[in-house]
Amino acid sequence: MIYFNGVKKQYPKSTMALEDITLSINSGEFVSIVGHSGAGKTTLIKLILAEEAPTEGTVFFESLDVNRLKNRQLTELRRRIGTVFQDFKLLGNKTAYENISFAMEASGKSDEEIAADVPHVLDLVGLLDKREHFPGQLSGGEKQRLAIARAIINQPEVIIADEPTGNLDPINTHEIVQILKKINDLGTTIILTTHNRSVIDSIGKRVITLEKGKVIRDDKDGKYMM
Ligand code: ADP
């Protein structure tokens, strides 16, 4: 589904962020990407989203070279990929319900679809009773659950979660991992970056370890080994 073919990335006036990355991620996988700060995790994700272009090599999403897409195709690609970040990126002036309905409106969904789907995902992440709360009235874990609900609302094929538990305590971290596992069980591919050993160990799926821009390990039933 996602294929890196001989990808290098060098930012201007910087060291090599990624060196000769060749890897594929199949539909339905749950892949964790680990590595120290500066190892290249975020760069890898930016290349999938075509937010950065490779210096060499090609990143494919299915048969699409993501770096050759025109504006409209790029918007379509990004709709197929839901994103979740450490800092949530919620809209502070909108309620939990509105944060999600807004994402549906932006992708052209009808009022009927919105009314049917938003309560369903709020329920999936355990926030139905907080639907009228603003992000400022939610805990860190609740904010991240809301961000996940927003990421899945348009039924993307992939969820990319970049350090989603970075700001959370162990209990909330565990909840977020359980929700991501549930979403993966329902068929969505998950790509997760994390520093957190217990997160990796509790997922028990594929782990790709990056070090200084290179893949130094790719384990099918990975444990965190740094
Ligand atoms: P990670 O997410 O694993 O912490 P990054 O992908 O953010 O790693 O960074 C990989 C390398 O690329 C680091 O050496 C970092 O300093 C460098 N880098 C990242 N973004 C930029 C940028 N916009 N300009 C220059 N160098 C960058």
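In the block above lies the structure referred to throughout.
This one's a predicted model, so the numbers in the text were calculated from it and none came from an experiment. (Residues numbered from 1 in each chain as written. Predicted model: local features only at pLDDT ≥ 70, side-chain atom pairs only at ≥ 80, totals over all residues. Heavy atoms only, no water.)

Caption draft 1: Spatial organisation of the site of the ligand. Surveying the vicinity of the ligand reveals the residues Y11, S14, T15, A17, H36, S37, G38, A39, G40, K41, T42 and T43. G40 places a main-chain nitrogen or oxygen 3.0 Å from an oxygen atom of the ligand. Considering the ligand on its own, with 560 Å² of exposed area, one finds that the protein chains cover 63% of that surface. Ranked by residues supplied to the shell around the ligand, first place goes to helix α1 (residues 41–48) with three residues. The residue makeup of the shell around the ligand, split by class, is three nonpolar, eight polar and one charged. (Near = heavy atom within 4 Å. Polar contact = N/O pair within 3.5 Å; in protein donor to acceptor, adjacent residues only side chain to side chain. Areas by Shrake-Rupley, 256 points an atom, 1.4 Å probe, with all protein chains shown as cover. Helix = DSSP H or I, 4+ residues; strand = E, 2+ residues; numbered from the N terminus. Nonpolar A, V, L, I, M, F, W, Y, C, P; charged D, E, K, R; others polar.)

Caption draft 2: Geometry of the pairing of strand β9 (residues 206–211). Most of β9 sits out of view: five of its six residues are buried. Bridge analysis of strand β3 (residues 30–34) against β9 gives four bridges, and the strand direction is parallel. Across the sheet, the residue bridging to S32 is V207, located in β9. Summarising the sheet, β9 and strand β10 (residues 214–219) pair through five bridges and their orientation is antiparallel. Directly across from I208, in β10, lies its bridge partner D218. In textbook terms, the turn of a hairpin is the stretch between consecutive antiparallel strands, and for β9 and β10 this stretch comprises two residues, one of which, K212, has a positive phi near 45°. (Buried < 20%, exposed > 50% of the residue type's maximum accessible area, 1.4 Å probe, protein only. Pairing = 2+ DSSP bridges.)

Caption draft 3: Here's a closer look at the side chain of R145. Position of R145 among the secondary structure elements: in helix α5 (residues 140–152). Of the residues examined, R145 reaches a relative accessible area of 12% and is grouped as buried. Here the side chain of R145 touches G126 through a polar contact of 3.4 Å, landing on its backbone oxygen. With residues up to four places along the chain from it excluded, the contact list for R145 reads V125, G126, L127, E175, I176 and I179. (Contact = heavy atoms within 4.5 Å.)

Caption draft 4: Representation of the pairing of strand β2 (residues 16–25) in the model. Bridge analysis of strand β1 (residues 2–10) against β2 gives six bridges, and the strand direction is antiparallel. Directly across from I2, in β2, lies its bridge partner I25. Counting the residues between successive antiparallel strands, the hairpin from β1 to β2 contains five residues, one of them, K13, with a positive phi of roughly 50°.

Caption draft 5: Molecular detail of the sheet that holds β3. The strand order across the open sheet built from six strands is β6-β7-β8-β3-β9-β10, with neighbouring strands paired in mixed fashion. Of all strands in the sheet, those bounded by a partner on one side alone are β6 (81–85) and β10. The mean angle between the axes of side-by-side strands here comes to 15°, regardless of whether they run parallel or antiparallel. The sheet contacts of α5 involve β6 and β7 (158–162), and relative to β6 the element is tilted by about 170°. In this fold helix α6 (residues 170–185) packs onto β3, β7 and β8 (189–194), with an angle of close to 155° to the strand it touches most, β8. (Axes fitted to C-alpha atoms, helices over the stretch in contact; angles between N-to-C directions.)

Caption draft 6: View of helix α4 (residues 111–124). Taking 1.5 Å as the rise per residue, α4 with 14 residues should run 20 Å; its terminal C-alpha atoms sit 20 Å apart, in good agreement. For α4, the set of buried residues is I114, V118, V121 and L122. Where α4 is buried, its residues meet α3 (96–106) and α5. (Expected span 1.5 Å × (residues − 1).)

Caption draft 7: Examining the layout of surface pockets more closely. When its volume is computed, the largest pocket comes out at roughly 570 Å³. Lining the largest pocket are 21 residues, with R78, I81, T83, A103 and N154 positioned closest to its centre. Listing elements by their share of the lining of the largest pocket, those giving two or more residues are α2 (71–79), β6, α3 and α5. A breakdown of the residues in the lining of the largest pocket according to their chemical character gives 10 nonpolar, six polar and five charged. Taken as a whole, the second largest pocket encloses approximately 280 Å³ of empty space. Along its surface, the second largest pocket is lined by D117, H120, V121, L124, I152, I153, Q155, P156, I183, L186 and T188. (1 Å grid on protein atoms, 1.4 Å probe; cavity = no way out; pocket = protein on both sides within 12 Å on 5 of 7 lines; lining within 4 Å. Points joined across faces, edges and corners; volume = space filled by probe spheres on them.)

It is worth stressing that arrangement in space is one thing and function is another; only the former is reported here.
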